[in-house]
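Listed below, chain by chain, are the residues.
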Amino acid sequence: MFKPPSDLADYYAVVAPSTIDSEFMIRPSKADGVYLWEGNKKYIDFDASVATVPLGHKHPLVNEAIFRQLDTVDSVECSARPPKFFITVANREYEISPEALGRKLLDSIFPNENARVIYGVTGAEGVNIAVKFLLYQRPRRRRFIAFEGAFHGRKGYALDLTLSKAEQKRYYPTSGITVLHLPLPKKLEDVERIKNMLARYPLDEVNAIFVEAIQGEGGIEVFDTKLWHMLAPILEKNKIAIVADEIQCGIGRTGSMWGFQLIDIHPDIVVAGKGLANGTPISVVAYKRKLEKKLLTNGWDAGTFPGHPTALAAGTITFSIIQEEKTHEHILEMSKYLSHKLEFAIPKKYDGENHYCVLKGAGLMQGIEFRNFDDTPDPKTREIVLRAMKNWGILTIPCGHSSINPTIRLLPPYLIQKEHIDKLINCLCEIFSSLEK
């Protein structure tokens, strides 16, 4: 029986357990920039609250946009009363409307393409909308493809596509679609195995493939560009739509605006969320109009809060800031600095230690995988390091599977500075040094 720690007893008496072990939880009492506080204890939020605040906590321009939005149009039922108004932030006027933010996104995702957007609130909802749309357009194709280690959400169709951890699926029946999970290819032999699997599968019944350019929950696993190019012709030949899940790896996180650009994937549908409105809940499904064989009718999909004015205002400002050249340059500079520093901080296999680490990822989406010297996974050391990092005042979370690829993910806010990275590196050096004593 689950027994909560004493300092969280009141919380668990009212709120059901969620995703993370209680020993890695904190109760934030204040947030600002890259920092979180729990009482008087100050932490660097080195995963941007799981990539939801790419511009950091309480970004002044995002907050200003929300305040001005609330003073103009506070809340409306968005499907029947889609808002359209103007606010001025930092002496610049912005249109706040579903179509204004939609145009910004489509110009970035599908430039020069005939495309549209559908709004949601959460990432899982966005994935469910994408599947629902595909089933509506091609109802005879009820099969889908995803990858081992994939995480697309914990509800409905999204959970069918997810294959990260057993607990996420326990006691939950499938939602009516069939999903083939392929190995995430890391070498040529994997592609040949996938080709053999697909040769035995009725590809004419497959509607779409869901792909994360970099798996977040799955362990910061990067999809290899060359291996994707070997799979792409099979998808095209069988008219299998490509859905890029950009919920965690999109919106500048990898150094490209979208993760699929990094891998040279050419998607038909893109699902975005998490950091799109810097902490305000929003998700967006962008799709090419060529997929719309059947016209969508009123009532096909709707909700009270998708396209909410607060999310539109925060999303418009957030996306505009991330699109700026100086933001992109800073992401690239900090990601290079982080990668370089990590190389000197982690134990390598050839060092002759009892354990070693593997660095993975791209941009400001990086991971440290823990392995024993005999190449077996080393979740025990990962947990020790995570606890020590928290004691040092550095917050992040685990990812990957404990018995396959135990990893610590690093998803810092884009305003991270070298001094913050240096503190992380000093922390890791001290921790790894103490482990060998």
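Structural data are supplied above this passage.
Structure report, in brief. (Residues numbered from 1 in each chain as written. Predicted model: local features only at pLDDT ≥ 70, side-chain atom pairs only at ≥ 80, totals over all residues. Heavy atoms only, no water.)

### Here we look at the overall build of the protein
Reasoning step 1: Broken down by element type, the protein carries 13 helices and 19 strands.
Reasoning step 2: Projecting the C-alpha coordinates of the protein onto the three principal axes gives extents of approximately 65 × 60 × 50 Å.
Reasoning step 3: Scored against the burial criterion, the 437 residues of the protein give a buried share of 55%.
Reasoning step 4: For the protein, the proportion of contacts with a sequence separation of at least 24, taken over those separated by at least 6, is 69%.
Reasoning step 5: Counting every atom, the protein has about 20100 Å² of accessible surface; 51% of that belongs to carbon and sulfur.
Reasoning step 6: On the protein, the mean spot of the 54 positive side-chain charges and the mean spot of the 53 negative ones are 4 Å from each other. (Helix = DSSP H or I, 4+ residues; strand = E, 2+ residues; numbered from the N terminus. Buried < 20%, exposed > 50% of the residue type's maximum accessible area, 1.4 Å probe, protein only. Contact = heavy atoms within 4.5 Å. Areas by Shrake-Rupley, 256 points an atom, 1.4 Å probe, with all protein chains shown as cover. Lys, Arg positive; Asp, Glu negative; His and termini not counted. Charge placed at Lys NZ, Arg CZ, Asp CG, Glu CD.)

### A look at helix α12 (residues 379-392)
Reasoning step 1: Compared with an ideal rise of 1.5 Å per residue, which puts 14 residues at 20 Å, α12 spans 20 Å between its outermost C-alpha atoms and is within 8% of the ideal.
Reasoning step 2: Regarding α12, the residues found buried are Thr-381, Arg-382, Glu-383, Val-385, Leu-386, Ala-388, Met-389 and Lys-390.
Reasoning step 3: Immediately beyond the C-terminal end of α12, within one or two residues, lies Gly-393, with a positive phi of roughly 90 degrees. (Expected span 1.5 Å × (residues − 1).)

### Notes on the pattern of salt bridges
Reasoning step 1: Applying the stated criterion across every chain, the model contains 19 salt bridges.
Reasoning step 2: Across the pair Asp-301 and Lys-132 runs a salt bridge, and its minimum N-O distance is 3.1 Å. With a gap of 169 residues between them, Asp-301 in the loop between β14 (283-288) and α10 (309-323) and Lys-132 in helix α5 (residues 123-137) connect regions that are remote in the sequence.
Reasoning step 3: Looking at Asp-301, the relative accessible area reads 26%, which means it is partly exposed.
Reasoning step 4: The residue Glu-369 makes a salt bridge to Arg-371 at a minimum N-O spacing of 2.5 Å. Accessibility assignment for this pair places Glu-369 and Arg-371 in one class, buried.
Reasoning step 5: A single network of salt bridges, built from pairs that share partners, joins Lys-186, Glu-221, Lys-360, Glu-369 and Arg-371. (Salt bridge = Lys/Arg side-chain N within 4 Å of Asp/Glu carboxyl O.)

### Concerning the packing of helix α3 (residues 60-70) against α10
Reasoning step 1: Relative orientation of the contacting elements α3 and α10 amounts to 150 degrees, with a least axis distance of 9 Å. Looking at the two axes, α3 sits roughly antiparallel to α10. In the packing of α3 onto α10, the handedness of the crossing is right-handed. Residue-level inspection shows Leu-61, Val-62, Ala-65, Ile-66, Gln-69 and Leu-70 of α3 in contact with α10, the latter providing Pro-309, Thr-310, Ala-313, Ala-314, Ile-317, Thr-318 and Ile-321.
Reasoning step 2: Counted by class, the contact of α3 with α10 contains ten nonpolar, three polar and no charged residues. (Axes fitted to C-alpha atoms, helices over the stretch in contact; angles between N-to-C directions. Parallel < 35°, antiparallel > 145°, perpendicular 65-115°, else oblique. Left-handed = near helix turned anticlockwise from the far one by under 90°. Nonpolar A, V, L, I, M, F, W, Y, C, P; charged D, E, K, R; others polar.)

### Observations concerning the packing of α12 against helix α13 (residues 418-435)
Reasoning step 1: At their nearest, the axes of α12 and α13 sit 10 Å apart, and the two run at 130 degrees to each other. When the axis of α12 is compared with that of α13, the two are oblique. For the pair α12 and α13, the sense of crossing is right-handed. The segment α12 lies against α13, with Thr-381, Ile-384, Val-385, Ala-388, Met-389 and Trp-392 engaging Lys-423, Leu-424, Asn-426, Cys-427, Leu-428, Glu-430, Ile-431, Phe-432 and Leu-435.
Reasoning step 2: Broken down by class, the residue content of the contact of α12 with α13 amounts to eleven nonpolar, two polar and two charged.

### A closer look at the sheet that holds strand β19 (residues 407-410)
Reasoning step 1: Across the sheet, which stays open at both edges, the four strands sit in the order β15-β16-β19-β18 with antiparallel pairing between neighbours. The sheet is open, and its two edges are formed by β15 (355-362) and β18 (397-399), each paired on a single side. Along the sheet, successive strands turn relative to each other by an average axial angle of 30 degrees, direction set aside.
Reasoning step 2: Two strands pair when backbone bridges link them, and β15 and strand β16 (residues 365-372) are joined in this way by eight bridges, in the antiparallel orientation. Residue pairing in the sheet places Lys-360 in a bridge with Gly-367 of β16.
Reasoning step 3: Where helix α11 (residues 325-345) meets the sheet, its contacts fall on β15, β16 and β19, and the angle it forms with β16 comes to roughly 15 degrees.
Reasoning step 4: Of the strands in this sheet, β15, β16 and β19 are in contact with α13, which crosses β15 at around 155 degrees. (Pairing = 2+ DSSP bridges.)

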